[in-house]
Amino acid sequence: MTLAGRLAALGFADTADAQRLLADELGLDLLGRDAPIITALAAAPDPDLALAGLARLLPDEQLLVALRADDGLRAGLAAVLGTSAALADHLRRNPADWRLLSELDAGQQRGSGELRASVLAAADPDALRIGYKRALLHIAARDLTGATAIDEVMAELADLAAAALQAALAIATAQLPPDAPGCRLAVIAMGKCGARELNYASDVDVIFVAEPAEPADPGTETGALRTATQLASAMIRVCSDVGPEGSLFPVDANLRPEGRNGPLVRTLASHRAYFQRWAKTWEFQALLKARPVAGDAVLGREYIDAITPLVWQAAQRADFVADVQAMRRRVVASLPAGDADREIKLGPGGLRDIEFAVQLLQLVHGRADETLRDPATLPALAALAAGGYVGRLDAASLADAYRFLRVVEHLLQLRQLRRTHSLPANPAILRQIGRALRSMRYAGALAAGSPAPGSADLSADPGAPADQLMTQWRQQAAAVRQLHEKLFYRPLLDAVARLPGDVIRLTSRAAAERLEALGYDDPAGALRHIGALTTGVSRKAAIQRALLPAMLGWFADAPRPDAGLLAFRQVSEALGGSPWYLRLLRDDTNVAWRMARLLASGRYAADLLLRAPDAVAMLADDALLAPRQADALHAEAEAVLRRHAQAAREGAVPGLLAIRRRELFRTAAADLLGKLDSDLVAEAVGTVTTVTIAGALELAGAAVAGSAGIVRICVVAMGRFGGHEMGYGSDADVLFVYEPVPGASEEAATRAAHSVAEELRRLLAHPGPDPALRVDADLRPEGRQGPLVRTLTAYRAYYGRWARPWEIQALLRADPVAGHTALGEAFRALADDVRYPAGGIAEGPVREIKRIKARMEAERMPRGVEPALHVKLGPGGLSDAEWVAQLLQLRHGDAVPALRTTRTLAALAAARDEGLLAPDDAAALTTSWLLATRIRNAVMLVTGRASDVLPAGQPELAGTARLLGYPPDGSQDLVQDWRRAARRARAVMERVFYG
């Protein structure tokens, strides 16, 4: 291979110039003793730039000898020269400074303190600039060779800047006239310098605070401020003025009160007054990173002690969270459209996204948790993860992205020591940065398949490092943006920020008083639950401490806050070992809000959730709360049955009931959250009831030996089940119809059918952790005195000869739902002949139906109940609307096909459309029926018990009213609305039914 080919393989782009410099000008032995030097140059981020920089330092015999002998010097000098033209210029002006780069292994950092000390001792601006650049060179060499981690590099740069500020202040002090009034001046670093996470080329943000040198009369303060302003202005000039070594860094004092329009220096009292009365949200966010770095240390500490409490109260300001979020959006919107996708600081997915998310979480949660009050981003992020405010994986991803972005930012700035945060379009610079990332001992290779960090043979393709850099940047930016949106716009932040500090701390007496004011009946008991949930150092307790302040308010917004908190404790204890549970509540605050709403609204959903706490996962998505279709539920039930061997078929019953319990919870949750109306609730409850009975029928048939070869059986839904009007507390009213299999004896078929029906009822009534389903067959012919099962022929004979009017009326809601399909359709046809008689029902049976209705109202009303508050049997209740609809169906169902429905509201609508019922009358009956249905469901959701009566007790009535959308003091409004609707419905019923 020719020399030019070898240099190209090593990574030199201009092989002709490289050959000229190496062989002709420097006279290096490329294949002999100087080969390690060539290898080190080839490993530099930009080999050509490194070689050009070395050519400006050689010939220096001492340097050449050292390069041949010192591995650390070779690596450090090549890395610096191949990255930073500005530091190469410094070495050209100060050639002896290459000695600072000797022995740059990970443990050799003794020079850092000495170099900072030399900066502090600088007596004039030129000496200060030289000392600063020498220290910067030392830090950069250790950084670029991987001897120092990025976290330490940022901290060292900040400490170096602090030393330079102290030295600049000393130089400024020496320039004061002898008669200047005395003052105490403290320099407070802000931003990255204050947080000890400074860049190589960055403004240093500061605030100045001053006091008279000695306590004196008020007139002395003016002179002290004048002197302090002179000192501050001179210090800024020393840092900003340009000399042979350039400048140190721009000093930016615009974060002071009133910005550039405010006085450069203020007293401590003036600072305190401003921040107490006038400061904007962003100013408190900036103060998060305040740190005294120069001047009077005691005054600096006094400033921090005075301002810090105000910082941690800022989150309670009106619209604090929204202000911070809006500020970040404004920054992104201000970027030129073509620059945003290359801006690693301000653009979407850049450093500011990470910093703003971390700072907002700190300011909101740091009020109560002092472990979060670290001004630096990475330690604060670690504290947020340790405290459970951010998931460990999310925190690790953000930390990795932050380090990556800061390394890229440093590499961009090192080239000319200029402030820049935008990835350039120049592929040569991108290649240099990409190679630098891969040669440093940075966390992980730049891309999958890249050579290991430190490898000399970085890429045969000169463009590959640039492409890999851009790919890595886009991946990191996308990940950061996603996590930023997740954390920065978390609803929990706004909820917690609005809570008073005593509630945030959860345990003080003031907290108990606040809980009582929120509506907790037993604040002491609530504090015990809070203590049980939050005490300890476990991650579980930490996350609970983050969640509970907001959830306490959400519990209080529902009817039963004490019960909600207790239920939350029970669910949390049941799921405490499940890593997904608390993570779900923390990361998706909508789930936490929904859970609080459910648990504090009533017992029904809470009891269902306590039986199977993992159902809380449904709350994460509206789609998971939508009622499931019958086909999907039947398929799931069939899978449950298949999982159980023939010998253990009864073991499938818990599986069926678990499906029912889960679907009841899904329906109740959606109902409580306003996602379902009463029609959909009834449909969902009816569907899962059908699926459960169908599965139990299959199990019962298998349990009765030989029944499949003897009998066919069908289950017919009756009452509210058949009318698709079930509520949470409804039984399943049914009839059983059977027929012998051809060739089987009638007697054997009867015994088998009876056994199957009894077994089905037994299976579903079996006590267990899930709600039992009562299967009620009392609407069969002759009621509970009649046989449990009948053949189709027996039903036809009974209804044709002996059926009483109420039994015919009951058939209006008969609907086959499970078992033999053809048999069910045959029963439907039989029922149609009976319930829709030709020419309509005769007047004699009509009179009997009216008599039965009047008797039922008189005899079945529970004692001690005010009839007007009984929403089923009372005047204007469910039965009034239903009996009107059913009488119209019996009279006109033969002539009006639209009346042939098992659903009450559909029948009323059909009667209205056909002119059989006046529109106003239909509306009055529909309104009362719907309100009564909603009341029954709400009472069940609140109390966990089925009831047909508006609650008499205030807590239960108030809870029912709240679920129905009434305000907290709207209990009597509900009662009056019901009385009004019932009166109107009763008037219609009296006229249409009895008239």
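First things first, this report covers the structure right here in the doc.

1. Here we look at the packing of aromatic side chains
Inspection of every chain in the model, using the stated rule, returns 12 aromatic pairs. On the basis of an interplanar angle of 15 degrees and a centroid distance of 6.1 Å, the ring pair of Tyr795 and Tyr799 is categorised as stacked. Residue Tyr795 and its partner Tyr799 are located together in helix α37 (residues 792-801), separated by 4 residues, close to a single helical turn. Side by side, Tyr795 and Tyr799 carry an identical accessibility label, which is buried. Just above the ring of Tyr798 sits the side chain of Arg790; from NZ or CZ to the centre is 5.0 Å.

2. Some thoughts on the pairing of strand β6 (residues 711-717)
When you tally the buried positions in β6, you get 6 out of 7 residues, the bulk of the element. With 7 bridges connecting them, β6 and strand β7 (residues 732-740) associate as antiparallel partners. Its bridge partner being in β7, Val716 is matched across the sheet by Leu735. Looking at chain direction, β6 and strand β10 (residues 815-819) are connected through 4 bridges and run antiparallel. Its bridge partner being in β10, Cys714 is matched across the sheet by Gly819.

3. Some thoughts on helix α30 (residues 603-611)
Where α30 is concerned, the buried positions are Tyr604, Ala605, Ala606, Leu608 and Leu609. As for α30, its buried residues are in contact with α27 (561-575), α29 (589-601), α33 (652-672) and α43 (919-943).

4. Quick word on the packing of α43 against helix α44 (residues 954-963)
At a closest axis distance of 9 Å, the pairing of α43 and α44 adopts a crossing angle of 120 degrees. Between α43 and α44, the crossing angle belongs to the class labelled oblique. Where α43 crosses over α44, the two elements pack in a sense that is right-handed. Contact residues: Ile935, Ala938, Val939, Leu941, Val942 and Thr943 in α43; Glu956, Gly959, Thr960 and Leu963 in α44. Considered class by class, the residues forming the contact of α43 with α44 number 6 nonpolar, 3 polar and 1 charged.

5. A few points about the environment of Thr145
Residue placement: Thr145 occurs in the loop between α9 (125-144) and α10 (150-174). Within the structure, Thr145 has its side chain in polar contact with the backbone oxygen of Ala141 (distance 2.8 Å).

The rules behind the values
- Residues numbered from 1 in each chain as written.
- Predicted model: local features only at pLDDT ≥ 70, side-chain atom pairs only at ≥ 80, totals over all residues.
- Heavy atoms only, no water.
- Phe/Tyr/Trp six-rings, centres within 6.5 Å; stacked < 30°, edge-to-face > 60°.
- Helix = DSSP H or I, 4+ residues; strand = E, 2+ residues; numbered from the N terminus.
- Buried < 20%, exposed > 50% of the residue type's maximum accessible area, 1.4 Å probe, protein only.
- Lys NZ or Arg CZ within 6 Å of the ring centre and 35° of its normal.
- Pairing = 2+ DSSP bridges.
- Contact = heavy atoms within 4.5 Å.
- Axes fitted to C-alpha atoms, helices over the stretch in contact; angles between N-to-C directions.
- Parallel < 35°, antiparallel > 145°, perpendicular 65-115°, else oblique.
- Left-handed = near helix turned anticlockwise from the far one by under 90°.
- Nonpolar A, V, L, I, M, F, W, Y, C, P; charged D, E, K, R; others polar.
- Polar contact = N/O pair within 3.5 Å; in protein donor to acceptor, adjacent residues only side chain to side chain.

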